[in-house]
Amino acid sequence: VILLCFRRHLLTLLTSCLFWNTFGLSAAMDSKPNILLFLADDLGIGDIGCYGNNTIRTPNIDRLAREGVKLTQHIAAAPLCTPSRAAFLTGRYPIRSGMASSNRYRALQWNAGSGGLPANETTFARLLQQQGYTTGLIGKWHQGVNCESFNDHCHHPLNHGFDYFYGMPFTLLNNCQENKSPELDVALQAKLWLYSQIISLAVLTLTAGKLTGLISIRWKIIACFTLAGSLFFISWYSSYGFVPYWNCILMRNHDVTEQPMRLERTASLMLKEAVSFIKRNRHGPFLLFFSFLHVHTPLFTTAKFLGKSHHGLYGDNVEEMDWMVGEILDSLDKEGLKNHTFTYFASDHGGHLEAQDGSAQLGGWNGIYKGGKGMGGWEGGIHVPGVFRWPGVLPAGTVIDEPTSLMDIYPTVVHLAGGILPQDRVIDGQNLVPLLRGRAQKSEHEFLFHYCGAYLHAVRWHQKDSGAIWKAHYVTPVFHPSGAGACYGKGICPCFGEGVTHHDPPLLFDLSRDPSEAKPLTADTEPLFDTVIREIGRAIEEHRRTLTPVPEQLSLYNVVWKPWLQPCCGTFPFCWCDKEGDSTQSL
């Protein structure tokens with residue numbers, strides 16, 4: 001009798017626990033979670049501990065991986081900031097929105113350019129806004145500001161579904177820090193300086209010749225030469241000579257708050273804004289997109305972290321970024337929001353191999369993967385970390401080896417918010433919730449297309465029945481010097497022209513056997529070579545049929561500096577201010 005009673009009570013207890021666990025999970029899934037998205041800038045997949053680095057300390061990102069799901073085949077839609085982030089925000093390949101370039105300018109160059117994310121593109125922020133979310137973006141934007149006037153804000157975050165914006169409308173550059181070598185259009189600036197000097201020398205020669213009587217020329221002609229030379233110099237120096245004032249600025253919503261920005265306090269301002277946003281919106285639901293300025297050059301790092309890593313300034317910057325992740329996660333804990341927040345961490349593309357200062361490496365490490373930032377096809381430019389956490393819903397300590405994309409975040413967060421995807425356009429991302437929760441074992445992606453600007457460089461085919469991940473390279477960059485693994489003589493590898501090699505037949509790899517893309521397969525070494533190339537070719541044809549012509553946002557006209565579009569906290573050209581004052585303390 002005692003044994004029978006014990007068994008009956010045990011059965012009741014187990015049934016009760018199962019009910020409440022199921023009910024709790026169901027309630028968590030039925031309610032709308034807060035959504036916290038971290039996106040690093042130029043971070044290599046080999047730079048953080050949970051992806052194999054044992055010398056740079058990233059305990060907070062590693063904690064996310066331990067408490068959640070780690071993706072090992074997470075792929076950016078482009079190897080450069082502007083197009084990759086456009087794809088992330090819209091769930092679509094950049095070529096669909098016009099954010100893929102056919103010229104050498106593959107990212108926005110100025111705050112005062114007219115290109116940017118078109119107003120008719122629907123970001124996940126807008127869809128979540130429609131579902132009752134308070135949406136905020138803190139950090140880097142790099143998707144444009146204005147179209148026709150300095151205050152139309154057609155490309156601004158607030159015109160793309162964000163209720164609140166604090167950060168850089170552009171991106172960090174060496175130009176933003178004193179005593180750093182200029183980074184923006186260095187080769188063009190060198191030519192413009194040379195032409196200006198030639199004109200000046202010609203004017204001085206003509207003037208000396210006139211005064212000494214060696215040259216018979218009218219003063220009016222010399223005056224015209226002088227005027228033309230002066231106008232030429234002013235035309236380019238008015239932009240390139242004042243990059244910190246034009247590009248290195250902070251904005252709060254539509255207002256410029258620092259021009260130029262003071263890098264020594266930028267990290268603390270960003271962190272303060274993130275913590276404040278979470279506290280203001282703790283009753284939710286909210287979307288916070290924290291878009292790091294780390295770890296892009298010039299790698300400005302606060303004194304607390306300088307010299308603390310084993311990898312110089314770059315390692316210091318990574319460790320500071322990880323600390324900021326931890327502070328924001330702690331703010332979730334303090335508000336009791338940890339279990340009700342869907343958190344994601346990734347990088348916009350691979351590490352910048354060519355970023356160097358003498359012998360010092362200022363760019364990231366892409367682990368075993370070939371290539372890096374700017375390279376459309378090689379894995380090092382597009383293979384990025386991807387970590388998710390949602391306690392009680394996503395199984396902790398899970399590793400997923402299926403191909404996924406940064407574009408997948410779009411349908412995933414829209415699904416979690418209870419929204420509906422736009423039906424009037426192609427969405428290239430896939431909802432990851434079934435995969436993340438273990439309800440699906442295979443990725444929904446069969447083919448992923450790897451663009452360099454507007455040029456298709458490579459395609460991967462996830463052959464689900466065999467488990468193979470085939471990748472065909474139709475175009476690859478020419479490394480400089482030969483065999484170096486990067487384009488050190490150019491700063492970044494080109495997408496077209498003499499700087500690339502076209503392959504016919506394409507280079508073929510099976511990433512499931514050769515993730516480093518070290519040994520290309522041939523028809524002699526791979527029996528399925530012809531079949532695979534044929535299937536990928538068919539997929540390219542189908543993909544291209546889904547593309548429609550759109551205005552190119554990164555055309556030469558759209559990327560040049562236009563003074564009438566310049567965000568300014570004063571009366572142009574007197575644009576300087578410090579509205580932040582001493583409102584924050586250093587880290």
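Computed from a predicted model, the values in this text were never measured in an experiment. (Residues numbered from 1 in each chain as written. Predicted model: local features only at pLDDT ≥ 70, side-chain atom pairs only at ≥ 80, totals over all residues. Heavy atoms only, no water.)

Quick look at the packing of helix H9 (residues 263–280) against helix H10 (residues 312–334) now. As a packed pair, H9 and H10 sit with axes 9 Å apart at the nearest point and diverge in direction by 20 degrees. By the angle between their axes, H9 is roughly parallel relative to H10. The handedness of the crossing between H9 and H10 is right-handed. Only Glu 320, Trp 323, Met 324, Glu 327, Ile 328, Ser 331 and Leu 332 of H10 make contact with H9, whose side of the interface consists of Ala 267, Met 270, Leu 271, Ala 274, Val 275 and Ile 278. (Axes fitted to C-alpha atoms, helices over the stretch in contact; angles between N-to-C directions. Helix = DSSP H or I, 4+ residues; strand = E, 2+ residues; numbered from the N terminus. Parallel < 35°, antiparallel > 145°, perpendicular 65-115°, else oblique. Left-handed = near helix turned anticlockwise from the far one by under 90°. Contact = heavy atoms within 4.5 Å.)

The next point concerns the packing of aromatic side chains. For the coordinates displayed, the defined rule picks out 33 aromatic pairs. Ring geometry for Tyr 93 versus Phe 449: centroids 6.1 Å apart, planes at 75 degrees, classification edge-to-face. Here Tyr 93 is found in the loop between helix H3 (81–90) and helix H4 (94–97), whereas its partner Phe 449 is found in strand S14 (residues 447–452), with 356 residues between them in sequence. Take Tyr 93: its relative accessible area is 4%, and that puts it in the buried class. Given a relative accessible area of 8%, Phe 449 falls into the buried group. (Phe/Tyr/Trp six-rings, centres within 6.5 Å; stacked < 30°, edge-to-face > 60°. Buried < 20%, exposed > 50% of the residue type's maximum accessible area, 1.4 Å probe, protein only.)

Moving on, we come to the layout of surface pockets. What the largest pocket holds in volume is close to 1,300 Å³. Lining the largest pocket are 42 residues, and of these Glu 183, Asp 185, Lys 490, Gly 491 and Ile 492 sit closest to its centre. Elements supplying a minimum of two residues to the lining of the largest pocket: helix H6 (186–212) and strand S9 (356–357). Sort the elements by how many residues they give to the lining of the largest pocket and H6 lands first, with 4 residues. When the residues that make up the lining of the largest pocket are grouped by side-chain class, the tally is 20 nonpolar, 12 polar and 10 charged. (1 Å grid on protein atoms, 1.4 Å probe; cavity = no way out; pocket = protein on both sides within 12 Å on 5 of 7 lines; lining within 4 Å. Points joined across faces, edges and corners; volume = space filled by probe spheres on them. Nonpolar A, V, L, I, M, F, W, Y, C, P; charged D, E, K, R; others polar.)

For the chain, the average pLDDT comes to 93, and 94% of its residues sit at 70 or higher. Confidence over residues 10–27 falls short of pLDDT 50; this stretch has 3 contacts with residues more than four positions distant or in other chains. Long-range and interchain partners of residues 582–587, a stretch whose pLDDT sits below 50, account for 13 contacts in this model, where long-range means more than four residues apart. (pLDDT = per-residue confidence, 0-100.)

Glancing now at the pairing of strand S15 (residues 455–463). Walk down a regular strand and you will see the side chains alternate between the two sheet faces. Taking burial as the measure, the 9 residues of S15 include 8 buried ones, the bulk of the element. Sheet topology note: the S14/S15 ladder contains 6 bridges and is antiparallel. Directly across from His 450, in S15, lies its bridge partner Ala 458. A loop of 2 residues connects S14 with S15, the two strands running antiparallel in sequence, and Gly 453 in this loop sits at a positive phi of about 65 degrees. Bridge analysis of S15 against strand S16 (residues 468–477) gives 6 bridges, and the strand direction is antiparallel. The partner of Arg 460 across the bridge, within S16, is Lys 471. Connecting S15 to the next strand, S16, in antiparallel fashion are 4 residues, including Gly 467 with a positive phi near 85 degrees. (Pairing = 2+ DSSP bridges.)

All right, on to helix H12 (residues 409–416) then. Most of H12 sits out of view: 7 of its 8 residues are buried. Every buried residue of H12 is listed here: Ile 409, Tyr 410, Pro 411, Thr 412, Val 413, Val 414 and Leu 416. Gly 418 occupies a position one or two residues after H12 and carries a positive phi of about 80 degrees.

The next point concerns the UniProt feature "transmembrane region" (unreviewed entry) in the chain. Under the present numbering, the feature "transmembrane region" (unreviewed entry) in UniProt falls on residues 192–209 and 221–243. Helix makes up 100% of residues 192–209 and strand 0%. Its end C-alpha atoms lie 26 Å apart. Measuring from the first to the last C-alpha atom of residues 221–243 gives 34 Å, for a span that is 91% helix and 0% strand. (UniProt positions renumbered as here; feature names shortened; annotations may be inferred.)

With that settled, consider the sheet that holds S16. Read across the open sheet, the 4 strands follow the order S14-S15-S16-S17; overall the sheet is antiparallel. Of all the strands in the sheet, the pair left with one neighbour each is S14 and strand S17 (500–510). Direction aside, the axes of adjacent strands within the sheet are offset by 15 degrees on average.

Before going further, it helps to spend a moment on the state of the cysteines. Tallied over the entire structure, the rule returns 6 disulfides. At a sulfur-sulfur separation of 2.3 Å, the disulfide partner of Cys 569 is Cys 577. Around the S-S axis, the bridge from Cys 569 to Cys 577 shows a dihedral of about -120 degrees and counts as left-handed. The buried category is assigned to Cys 577, whose relative accessible area is 17%. Here the disulfide map of the chain reads 1-2, 3-4, 5-8, 6-7, 9-11, 10-12, the bonded cysteines being numbered as they appear in the sequence. Note on Cys 81: no disulfide assigned, nearest cysteine sulfur contributed by Cys 176 at a separation of 13 Å. Residue classification places Cys 81 among the buried residues on the basis of a relative accessible area of 4%. (Disulfide = S-S within 2.5 Å.)

Of note, the bond from His 294 into Val 295 is cis; its omega dihedral lies within 30 degrees of zero at 5 degrees. Examined against the element boundaries, Val 295 turns out to sit in the loop between strand S7 (286–291) and H10. Following His 480, the chain continues to Pro 481 via a peptide bond in cis, the omega torsion being -5 degrees. Positionally, Pro 481 belongs in the loop between S16 and S17. One non-glycine residue with positive phi stands out, namely His 153, at about 50 degrees. If you trace the backbone, His 153 turns up in the loop between strand S3 (134–140) and strand S4 (164–168). Notably, Asp 185 is not glycine yet its phi reads approximately 50 degrees, a positive angle. Relative to the elements of secondary structure, Asp 185 occurs in the loop between S4 and H6.

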